[in-house]
Amino acid sequence: MLIVISALVGLALGAAIAAAVLLMRSASRVRVAVREAETIRREGQIEAREQAVKLRAEIEQEIQDRRTEATKIEERTLQREQELERMETEVARREQGLSDRETHVRELQEQLKAVRDDAVHELERVSGLTVAEAKRHLLERSEDLIRHELARTARQLEEEARVEAKRRARNLVADALQRVAASHTAQTTVTVVALPSDDMKGRIIGREGRNIRALEHLTGVDFIVDDTPQAVVLSSFDGIRREVAKMTLEKLIEDGRIHPARIEEMYYISKAELEDHLLVDGQQAVFEANCGDVHEELAKVLGRLRYRTSYGQNVLKHTLEVVHLAGIMAGELGASVKTAKRAALLHDLGKAMTHEVEGSHALISAQWAKRYGESQGVVHAIEAHHYEVQPQTVEAVLLIAADAISASRPGARGESLEHYIKRLEALEEIASAKQGVAKAYALQAGREIRVIVEPAEVDDDGAVLLSHEIAREIEDQLEYPGQVKVIVIRESRAIEVAKEMLWFFRIELTGW
C-alpha cells in the first residue's frame, strides 16, 4: 500500500516538476516573444516615422512645385493683361485713325465730285455735247466696234464649223449615196400603146367615133389617134388613169371585139386588176424598205405612188431612195433606223391623194400614218419634213436631209424653163434689194448667188453680215431643193494715171 502511495506521490511530484519546467519554458518564450514584439514595434515606429518624413517631404515638394506653377501662371496672366491693354490702346488709336481717314476721304470725295462736275462742265463746253449726247455717241461707237468684233469672230467660227461640217457631211452623204445607188426613171404625161396594124385605129375610133368617145368617157384619158404608124397615144396627168386606159386598150386589141359594151367590161376588169397591182407594188416597196409591216391600205397608197411623178421624178422611186438614205444616216448617227425608215416610206403618201383631199401632202401623209397606228415619232417626222411643223427629233431632221438629197441630186428632177427663170430672178431680187449691193448674179442653176457690193458702203465685216441676211431671207421667202450658196464679193481698186513729163524738161532747157 505504501508502495502504491509512494508511487503515486512520485508520479505527482514528477508531474509537478514537469509542469514547473513547462511553465518556466513558457514564461521564457513569452519573454522572448514580448522582446521580439517590442523590437518589431520599435522598428515599425521607426519605419512609420521615416515614411511620414518622406511623405511630408514629397508633399512639401509638390506644394512648392504648385506654388512655382501658380507663380508662372500669374506672370503669364499678367503679361497677357498687359498685352491686351496694349492692344486695346492700339485698337483705339487705329479707330481714331480710321475715323480721321473717313473724314478725310469724305472731304476728298466732295472735292473730287466738285472737280468732276467742273471737268464735265468744261468738257461739255469744249465738245459742245451734253453728257447724254456723249453717252449716246460712245454707245454707238462701242456697238459698232463690238459689231465688227462679233462679225469677225462669227466669220472665224463659221469658217471652222463650215469646214468641219462640210467634211463630215460630205463623208456621210457620199457613203449613203454610194450604198444606195438608186435608179431613176423620168415619167411623162403620155403613154404610147403599140397596135398590130394601122387598121386597128379605125376600129378604136368606131362608127362616128362612138368607141373612142366611150373610152375617153370611161377612163378620163385623151386618146390621140394621129399619123403615128401603128401607135395610139394616151395623154393624162393622172398616171393611174393612163395605166387603166392602157390596160383596157390592150385587152380590147387582144380580144378583137371593140364596141361600147365590151369597152365598159374591159375597163372595169382592168381597173380591178390595177387595184391588185397597186397592192402588190406597195407590198414590194415595203419589202424593199425592210422596216416592218404596214397596214394594207397604206400599202395600196404606196402602190399608187408608182404612177405619180414630182418634177419628173417618180415618187415611189424617190420614196425608196429616201428610205435607204435616211436609214443609212440614222445608223451612222446612232438614231432609230426603224423610225427613220418608216417615216421615209410614208412621207409622200399625200401626193397620191392631193387631187382628192384638201391640204399639203405632208400633213395628209401624217394623218394617214396616224390613222393606221404609226408611232408618234413617225408621224412627227412625216409632218415636219417640209416644215409644216418644226422638227423636234433627230429622225425628223434626217428625213428632211434625205428628202432634199434625193430631190436635189443631179438629174433627179426636171423643172420648166419658166419656173427656173423665176427662181433665178427671185434670188437676184432678194440680193439686189439690200443696201450697198451693186450687182447680183444667180449661177449654177440657182445653187449659187454672187453679190458684188460697193466697197465704200460695205466693209469686210458688213459683207459677212450681208451674206447671213441674204441667206436667211432666201430660206424664208423661197422654196428650193438642196442649198443655195451666197457669196458676197467686196473689191477695192486704186487707179492713178502716169503722165509724160518730157515736155516740161524741154521748156526749161529751151527757155520757153
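Refer to the structure above for everything that follows.
For clarity, every value in this text was computed on a predicted model and none was experimentally measured.

Details of the overall build of the protein chain
- Along its length, the protein chain carries 15 helices and eight strands.
- The burial tally for the protein chain puts 29% of its 512 residues in the buried class.
- Within the protein chain, residue pairs in contact and separated by at least 24 positions form 60% of the contacts whose partners lie at least 6 positions apart.
- Accessible surface for the protein chain amounts to roughly 34600 Å². Of this, 54% is attributable to carbon and sulfur atoms.

Quick notes on the side chain of Arg 242
- With respect to the helices and strands, the residue Arg 242 is situated in helix 5 (residues 239-255).
- In terms of polar contacts, Arg 242 uses its side chain to reach the side chain of Thr 191, at 3.0 Å.

A short note on the nonpolar core
- Leu 302, Leu 345, Leu 346, Leu 349, Trp 368 and Ile 382 are the most contacted members of the largest nonpolar core, which has 43 residues in total.
- Of all elements in the fold, only helix 6 (260-289), helix 7 (296-304), helix 8 (315-333), helix 9 (337-346), helix 10 (361-371), helix 11 (376-384) and helix 12 (394-408) reach the threshold of two or more residues within this core.
- The element best represented in this core is helix 8, accounting for nine residues.
- When near neighbours in sequence (up to four residues on either side) are disregarded, Leu 345 contacts Ala 285, Val 286, Ala 289, Cys 291, Val 294, Leu 302, Thr 319 and Val 323.
- Counting 21 residues, the second-largest nonpolar core is a separate cluster that includes Leu 424, Ala 426, Ile 430 and Ile 449.

Here we look at the packing of helix 8 against helix 9
- Contact geometry of helix 8 with helix 9 gives a least axis separation of 8 Å together with a crossing angle of 160 degrees. Relative to helix 9, helix 8 is oriented roughly antiparallel. The two elements helix 8 and helix 9 meet at a crossing, and its hand is right-handed. Here Thr 319, Val 322, Val 323, Ala 326, Gly 327, Ala 330 and Gly 331 of helix 8 come into contact with helix 9, specifically with Val 337, Ala 340, Lys 341, Ala 344 and Leu 345.
- Classifying every residue of the contact of helix 8 with helix 9 gives eight nonpolar, three polar and one charged.

A word on the side chain of His 380
- Turning to its location among the elements, His 380 is positioned in helix 11.
- Beyond its immediate stretch of four places on either side in the chain, His 380 contacts Val 389, Gln 390, Pro 391, Gln 392, Thr 393 and Ala 396.

Examining unusual backbone geometry
- A positive phi angle, close to 55 degrees, is found at Glu 208, a residue other than glycine.
- For Glu 208, the location among the structural elements is in the loop between helix 3 (199-205) and helix 4 (210-219).
- The class for Glu 208 is exposed, based on a relative accessible area of 71%.
- For Asn 290, which is not a glycine, the phi torsion comes out positive at approximately 55 degrees.
- Within the secondary structure, Asn 290 sits in the loop between helix 6 and helix 7.
- Taking relative accessible area as the criterion, Asn 290 reaches 60% and is therefore assigned exposed.

A word on the sheet that holds strand 2 (residues 222-224)
- Ordered by their spatial adjacency, three strands build an open sheet running 1-3-2, and the pairing between neighbours is antiparallel. Only two strands of the sheet have a single neighbouring strand rather than two, namely strand 1 (190-194) and strand 2. Going from strand to strand, the sheet's axes swing by 25 degrees on average, the running direction of each strand aside.

A few points about the pattern of salt bridges
- Applying the stated criterion across every chain, the model contains 21 salt bridges.
- In this structure, the salt-bridge partner of Arg 41 is Glu 38, at a minimum N-O distance of 1.9 Å. One end of the pair is Arg 41 and the other is Glu 38, both in helix 1 (residues 2-127) and three residues apart, which spans about a single turn.
- In this structure Glu 38 comes out as partly exposed when scored by relative accessible area, which is 25%.
- One salt-bridge network, in which partners are shared between bridges, spans Asp 255, Arg 257, Arg 262 and Glu 265.

What counts as what
Each chain carries its own residue numbering, running from 1 in the direction its sequence is written. The predicted origin of the model limits local features to residues at a pLDDT of at least 70 and limits the giving and counting of side-chain atom pairs to 80 or more, whereas totals for whole chains, interfaces and linings rest on all residues. By convention in this description, side-chain values take in all heavy atoms of the structure and omit both hydrogens and water. Per the convention used, a helix needs a DSSP run of H or I reaching at least four residues, while a strand needs a run of E reaching at least two, with both numbered from the N terminus. Exposure is judged per residue with a 1.4 Å probe applied to protein chains only, and the accessible area is read against the type maximum: over 50% gives exposed, under 20% gives buried, and values in between give partly exposed. Contact between two residues is taken to exist if any of their heavy atoms lie within 4.5 Å; hydrogens are not considered. Every accessible area reported is derived by Shrake-Rupley at a probe size of 1.4 Å, with residue values counting cover from the shown protein chains alone. What qualifies as a polar contact is a pair of N or O atoms within 3.5 Å, subject to a donor-acceptor requirement within protein and to the restriction that residues adjacent in sequence count only when both atoms come from side chains. Each nonpolar core is a collection of buried residues, namely Ala, Val, Leu, Ile, Met, Phe, Trp, Tyr and Cys, held together in the definition by side-chain atoms within 4.5 Å. Lines fitted to the C-alpha atoms define the axes, with helices restricted to the stretch that makes contact. Angles between their N-to-C directions range from 0 to 180 degrees. Every angle not falling under 35 degrees, over 145, or within 65 to 115 is termed oblique; those three ranges are roughly parallel, roughly antiparallel and roughly perpendicular. By convention, the crossing between two helices is left-handed when the near helix turns anticlockwise from the far helix through less than a right angle, and right-handed when the turn is clockwise. Residues are grouped as follows: Ala, Val, Leu, Ile, Met, Phe, Trp, Tyr, Cys and Pro are nonpolar; Asp, Glu, Lys and Arg are charged; all remaining types, including Gly, are polar. One requirement defines pairing of two strands: DSSP has to find at least two bridges between them. Salt bridge, as used here, is a side-chain nitrogen of Lys or Arg placed within 4 Å of a carboxyl oxygen of Asp or Glu.

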